[in-house]
Amino acid sequence: MPFPTKLFLISLLAPLSLQAAEDPLFQLFEDPPSEYRPFVRWWWNGARIDEQEAIRQLDVLKDAGFGGVEINTIAMPHEADPSTFEHAPAMTWLGPDWCNTVEAVALAAKQRDLTPDIIIGSGWPFGGEFLETDHQIQRLRITKTPLQGPLATSIELTKLANANSGSEDHESIHDTTPSRSEYTFLRLVNEDAYENEASGQLGTELLHQTSDGSIDIKIPEGNFTLILGIVETGYTQVKLGAPGAKGRILDHFNGTAVSKYLDYMSTEMERNIGENWGDLFRATFVDSLELAHCNWTHDFPSQFEKRRGYSATPFLPFILDPERQDKTTRRARYDYSKTIIELFDERFATTYVEWCERNNLGSRIQAYGRETHPLHGSMRPTHPEGESWLWHDERDRPRIFADSSAINKYASSAAHLSGKRTVSFEAMTNAVPVFRETLGDFKRTFDLTAQSGPNHPIIHGFNYTPLEAGFPGWVRFGCYLNERNPFWQHMHQFNDYAARVGTILRNSDYQAQIAVLAPRPEEWERYGLLYQPFPEKVYPWYQYRLPIALQKLGFGVDFVSEEIIAESTIENGIINYNGRKYQALVLEEVAAISQSAAEKVAQFSNQSGKLVIIGDRPSRNSGLSPNWETNSAYIKEIFSTLRNHNTLDVPPPAPPEGYTSETASGKRGEPFDDSQLIRSLAHIFQKLDLQQPAKLNAPSPWISLVHHKSDDDRDFLFLSNSNNTESVEFELTPQMLAPHAELWSPHDGSRIPIALSPKGTLKYTLQPADSILLAFANTSKPQATPIPPPTRRTESTTLSGQWTLLFQPADGSPSFERQSKKLADISLSSDPALASFSGKITYQKEIELPEAISDALLDLGIVNGTSTLKLNGKTIACKWYGAHEYKLGDIPSGRHSIEIEVTTTLGNYLKSLKDNKTAQRWTHWYRPIESGILQPVELVYSPN
């Protein structure tokens, strides 16, 4: 157990255990039901599933402490050995065999108290070979051909179509020959005239002048560009679709197509399973909306004109060209983006949620991509979702960097604003450092994500692979969740921890004092719709980092939108939306805002609401509505007259070196030091004197805090240390919390009453990657005791001499033994059996203590895996994250046996399998991973 006070306060647990029966929330926390436990994404590779083997795998998952599965039928990995396919029958998505297997496995899951979800379609985004052309994905693509006049020539349209595109296409790896291509405009633009914005030059339309597939061009002296617009249908395919669901992607902006696709699934499920097929599942799932720049549908022009009040046609060549940044194009680009979002929400998101409701299903969707508002997209589904990733650490590439993605704070804010407590997340998404992950990586990622709001991990992932498929078997991608992974014996440690933290976070409400409005209109004007969760640009550079920095000061923060502000009520200087109340509003360099939102901001400020305006004040609206100039003048007047003493105008914070709007999104795998941002925000908010329930004195960039309040009026604080190698001390001042404090351990389900210092503060040292959960209640508990300061040990000794090492390989091959006088990284060994070893290593040694010692601690140093210590045959503890230090207490003199069991990662062994295509796909490129106990073991103690 990581809490330094356990041994000191263990006697206090007995009185509290008698009260557990009177405390339903604590009962849930002690032993969380399956619904609160982590789920797995269960890849049904190639739709080759043997029913009995699938049920066996359910038992494996249940025994490891998981609570549910997401059945995710997907293409077979191309590295898989075809000779292993005989162990599972080939099936087709929605075919009778597949449906029957789904039914049997879902029922078996429920019998084991495991919750099943199921993905819509197969792969992502969904589609199929059966789609009629009019129901396939569409995009409007432009190409640009520069021309230098004077010039008279004839150019074939096919040549123009193959010219360089005017926009980047980061999602084109699955592009295919379109089912249909249609030219929609051919615009000749005089660039010399275009540069003069006042000219209103929109070019000359030439498409009607084409003949026999060519256009005759005659231009005077000057610089010209010929821009061709092409509507392409069915231009890209489902990523990793299994048989029956691979093919071209569905048009997500076509409501008829979306309904037909969903009804096809429900009809086939009903035909093969029965009309109540939806009762088998908690929810259906829509995976990543990677729609490859989909930006068109059959009636887009008419819908645009209906909604925006003017025709998009004159502006299309410029809207789609990111180099065009004149004011008129920017406003039209905003309108284009807004129309895309509205169509997606109405025709896809709403259609999907209503279909789920008709089939008695929850709706779980990663409602982000390039087509949705990052906040509003997650407000409608019953199960909003974010995602977090494992990357290779750019400072030490074999190691892993834990990353909570940019979308998570938006997804959780959407849940809070729409009254939902559960926010799931695709957890530990792993498409790079496969076979290198540890349970410590899982914990760091979970803690970072919980700090940004999502609280229910769906781990990425568990591969369906029969034992007969060999080792490592069929691996689509993802963390290698498998009973043959050395850490599997300790998997329940993480699952119990995540379940207990999630139980509290999902049975309480996140408390926020601050609402943050990002400059979404300016983003759309400049860049169009960016890809979430990895936007190509981040504007301003701190957009996603500011809320987390504020949480490191002890504040609670939600993102809001113009629509949320406009629909809120203002009561005594408080913003109230659907019961969510905010004392302060931060505008992140917001230049443009809607008239209705501007009026609410003014009302808020005039009632002495606390308003922080970063950068210039808003001065206009967005879009090219007929009265945009009048509205902009009105908005500018509103903000120019705000004079409340609680309205602060502050300059934009300076970015760390190397960070800009253009580069901030590309910093995956690199740590971000937000110390400067934290100091800047602390200075600003000190002036506002917000009512802050809990304050972190001397904030650290490593310590973050979230505050929740349960239905029985208890306050819960979850704090975590994101530093994986250093301990961090913090001091907390509860200012508006219930008076009686307890320490709830998510590691073992215990709780301990604690007393604050005479100053009313709590000082605590979080070990590397550690976390605590504090509960504050109005009812006192007996025997509250201050947390003792960390023990200061003055003596140490290195456990030198002979060690016996027992190696148990992960692949089931025979164990072997080695002797060693010096403990070191075995991946650097000249012994091939050690250098490529993966599995479990047991280190054994006997020591002689000439005299008794006190407060003993055994320090293993850095261990890239799990460790379990036995002293004189008695298990002391298991360390599965952070510091591998073991508190031993007082040890008498004499002879003592030490046994340390260490599990390694799988990477080094799989890297050695040169003929194994699956192993080499994931491991060939990185150097060996540090393995085993890397340095001499230290015994630290106080003299007796």
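Residues numbered from 1 in each chain as written. Predicted model: local features only at pLDDT ≥ 70, side-chain atom pairs only at ≥ 80, totals over all residues. Heavy atoms only, no water.

Caption draft 1: Spatial organisation of the overall build of the protein. The helix and strand tally for the protein stands at 23 helices and 43 strands. In terms of overall dimensions, the protein is globule-like: its C-alpha atoms have a radius of gyration of 30 Å, near the 30 Å expected for 944 residues. Considering the protein as a whole, with its 944 residues, one finds that 62% of them fall into the buried category. The contacts in the protein between residues at least 6 apart in sequence include a share of 81% that link residues at least 24 apart. Working note: accessible area of the protein is about 35,200 Å², and carbon and sulfur atoms make up 48% of it. (Helix = DSSP H or I, 4+ residues; strand = E, 2+ residues; numbered from the N terminus. Rg over C-alpha atoms; globule rule 2.2 N^0.38 Å. Buried < 20%, exposed > 50% of the residue type's maximum accessible area, 1.4 Å probe, protein only. Contact = heavy atoms within 4.5 Å. Areas by Shrake-Rupley, 256 points an atom, 1.4 Å probe, with all protein chains shown as cover.)

Caption draft 2: Quick peek at the environment of Ser 508. Structurally, Ser 508 can be placed in strand 16 (residues 508–510). A sequence separation of 87 residues divides Ser 508 from Arg 421, and the C-alpha atoms of the two residues are 7.1 Å apart. Look past the residues within four positions of Ser 508 in its chain and what remains in contact with it is Arg 421, His 708, Lys 709 and Ser 710.

Caption draft 3: Expanded view of the sheet that holds strand 17 (residues 514–517). Reading across from one edge, 18-17-22-23-24 is the order of the five strands in this open sheet, with parallel pairing throughout. In the strand order of this sheet, the two ends are held by strand 18 (557–560) and strand 24 (647–650), each with one partner. Shown here is a sheet whose adjacent strand axes are inclined to one another by a mean of 20 degrees, direction ignored. One ladder, built from four bridges, connects strand 17 with strand 18; its direction is parallel. Bridged to Leu 517 within strand 18 is Val 560. (Pairing = 2+ DSSP bridges. Axes fitted to C-alpha atoms, helices over the stretch in contact; angles between N-to-C directions.)

Caption draft 4: Spotlight on the confidence of the model for the protein. Across the protein, the average pLDDT comes to 93, with 95% of residues at or above 70. In this model, residues 166–170 is a region of pLDDT below 50 whose contacts with residues beyond four sequence positions or in other chains number 14 contacts. (pLDDT = per-residue confidence, 0-100.)

Caption draft 5: Region of interest: the sheet that holds strand 31 (residues 762–766). With antiparallel pairing, the three strands of this open sheet are ordered in space as 25-28-31. A single partner strand is all that each edge strand has here, and the edge strands are strand 25 (694–697) and strand 31. Shown here is a sheet whose adjacent strand axes are inclined to one another by a mean of 30 degrees, direction ignored. As defined by bridge partners, strand 25 adjoins strand 28 (residues 728–734) across four bridges and the pair is classed as antiparallel. Pairing of Ala 694 across the sheet is with Pro 734, part of strand 28.

Caption draft 6: Structural context of the side chain of Thr 449. Mapped onto the elements, Thr 449 comes out in helix 13 (residues 439–452). Thr 449 has contacts with Ser 388, Ser 404, Asn 408, Phe 425 and Pro 454, leaving out every residue within four places of it along the chain.

Caption draft 7: How the structure looks around the packing of helix 18 (residues 595–606) against helix 19 (residues 628–640). At a closest axis distance of 10 Å, the pairing of helix 18 and helix 19 adopts a crossing angle of 15 degrees. Considering the angle they form, helix 18 stands roughly parallel to helix 19. Like other packed secondary-structure pairs, helix 18 and helix 19 cross with a definite hand, here left-handed. On the side of helix 18, the interface is formed by Gln 595, Ala 598, Glu 599, Val 601 and Ala 602, while helix 19 contributes Asn 631, Tyr 634, Ile 635, Ile 638 and Phe 639. A class-by-class count of the residues in the contact of helix 18 with helix 19 yields seven nonpolar, two polar and one charged. (Parallel < 35°, antiparallel > 145°, perpendicular 65-115°, else oblique. Left-handed = near helix turned anticlockwise from the far one by under 90°. Nonpolar A, V, L, I, M, F, W, Y, C, P; charged D, E, K, R; others polar.)

Caption draft 8: Broad picture of helix 18. The end-to-end C-alpha separation of helix 18 is 16 Å, in line with the 16 Å expected for 12 residues at 1.5 Å each. Buried within helix 18 are the following residues: Ala 597, Ala 598, Lys 600, Val 601, Ala 602, Phe 604 and Ser 605. Immediately downstream of helix 18, the backbone of Ser 608 shows phi near 70 degrees, a positive value. (Expected span 1.5 Å × (residues − 1).)

Caption draft 9: Focus on the packing of helix 13 against helix 14 (residues 491–505). Two numbers describe how helix 13 lies on helix 14: the axes approach to 10 Å, and their chain directions differ by 10 degrees. The orientation of helix 13 with respect to helix 14, classified from their angle, is roughly parallel. Of helix 14, the residues touching helix 13 (which contributes Leu 439, Phe 442, Lys 443, Phe 446, Asp 447 and Ala 450) are Met 491, Phe 494, Tyr 497, Ala 498, Val 501 and Leu 505. Residue composition of the contact of helix 13 with helix 14, grouped by class: 10 nonpolar, no polar and two charged.

Caption draft 10: Local environment of unusual backbone geometry. Backbone torsion omega between Gly 149 and Pro 150 reads 5 degrees, so that peptide bond is classified as cis. Mapped onto the elements, Pro 150 comes out in strand 5 (residues 138–156). Gln 532 connects to Pro 533 through a cis peptide bond whose omega is 20 degrees. Mapped onto the secondary structure, Pro 533 falls in the loop between helix 15 (520–527) and helix 16 (545–551). In this model, Ala 292 sits at a positive phi of 50 degrees, which is unusual for a non-glycine residue. Its location among the elements puts Ala 292 in the loop between strand 10 (283–286) and helix 9 (300–308). Even without being a glycine, Asn 360 presents a positive backbone phi close to 60 degrees. Topologically, Asn 360 is positioned in the loop between helix 11 (327–358) and strand 11 (362–365).

Caption draft 11: Fine view of the nonpolar core. Residues Trp 98, Met 269, Phe 442, Met 491, Leu 585 and Phe 685 are the most contacted members of the largest nonpolar core, which totals 190 residues. In terms of residue count, helix 11 provides more of this core than any other element does, 12 residues in total. Other than its neighbours up to four places away in sequence, Met 269 contacts Leu 94, Trp 98, Cys 99, Val 102, Ile 118, Gly 274, Trp 277 and Phe 281. By size, the runner-up hydrophobic cluster in this structure holds 31 residues, among which are Phe 816, Val 863, Ile 933 and Leu 939. (Core = buried A, V, L, I, M, F, W, Y, C linked by side-chain atoms within 4.5 Å.)

Caption draft 12: Fine view of the packing of aromatic side chains. Taken as a whole and assessed by the stated rule, the structure comprises 54 aromatic pairs. On the numbers, 5.3 Å between centres and 80 degrees between planes, the contact of Trp 43 with Phe 477 is edge-to-face. Within this pair, whereas Trp 43 is found in strand 1 (residues 39–45), its partner Phe 477 is found in the loop between strand 15 (456–463) and helix 14, the two being separated by 434 residues in sequence. On the basis of an interplanar angle of 40 degrees and a centroid distance of 6.4 Å, the ring pair of Phe 425 and Phe 446 is categorised as tilted. Here Phe 446 lies in helix 13 and Phe 425 lies in strand 14 (residues 424–429), a separation of 21 residues in the sequence. (Phe/Tyr/Trp six-rings, centres within 6.5 Å; stacked < 30°, edge-to-face > 60°.)

Caption draft 13: The pairing of strand 42 (residues 894–903), seen in detail. Within strand 42, seven of the 10 residues are buried, which leaves it mostly tucked inside the rest of the structure. Relative to strand 42, strand 37 (residues 839–849) runs antiparallel, the two being bridged by 10 bridges. When the sheet's bridge partners are listed, Lys 845 is paired in strand 42 with Ile 898. Both strand 39 (residues 866–871) and strand 42 contribute to a ladder of six bridges, which runs antiparallel. Paired with Ser 867 across the bridge in strand 42 is Val 902.

Caption draft 14: Main features of the pattern of salt bridges. This structure, assessed with the given rule, holds 53 salt bridges. A salt bridge links Lys 443 to Asp 447; the shortest N-O distance between them is 2.5 Å. Highlighted residues: Lys 443 and Asp 447, both in helix 13, separated by four residues, approximately one helical turn. In this structure Asp 447 comes out as buried when scored by relative accessible area, which is 3%. A salt bridge links Glu 523 to Arg 520, with the nearest nitrogen and oxygen atoms 2.9 Å apart. Note that Glu 523 and Arg 520 are positioned in helix 15 at a spacing of three residues, about one turn of the helix. One exposure class covers both Glu 523 and Arg 520, and it is buried. (Salt bridge = Lys/Arg side-chain N within 4 Å of Asp/Glu carboxyl O.)

Caption draft 15: Region of the structure containing the pairing of strand 28. Burial runs high along strand 28: six of the seven residues are buried. Bridge count for strand 28 against strand 31 is five bridges, and the pairing is antiparallel. Within strand 31, the residue paired with Val 728 across the bridge is Leu 766.

Caption draft 16: Looking closely at helix 9. Those residues of helix 9 that fall on the buried side of the exposure criterion are Phe 300, Gln 303, Phe 304 and Arg 308. Seen from one end, helix 9 has its buried residues packed into an arc of 105 degrees, which puts them on one side. Following helix 9 by one or two positions, Gly 309 has its phi on the positive side, about 85 degrees. (Arc of directions from axis to C-beta.)

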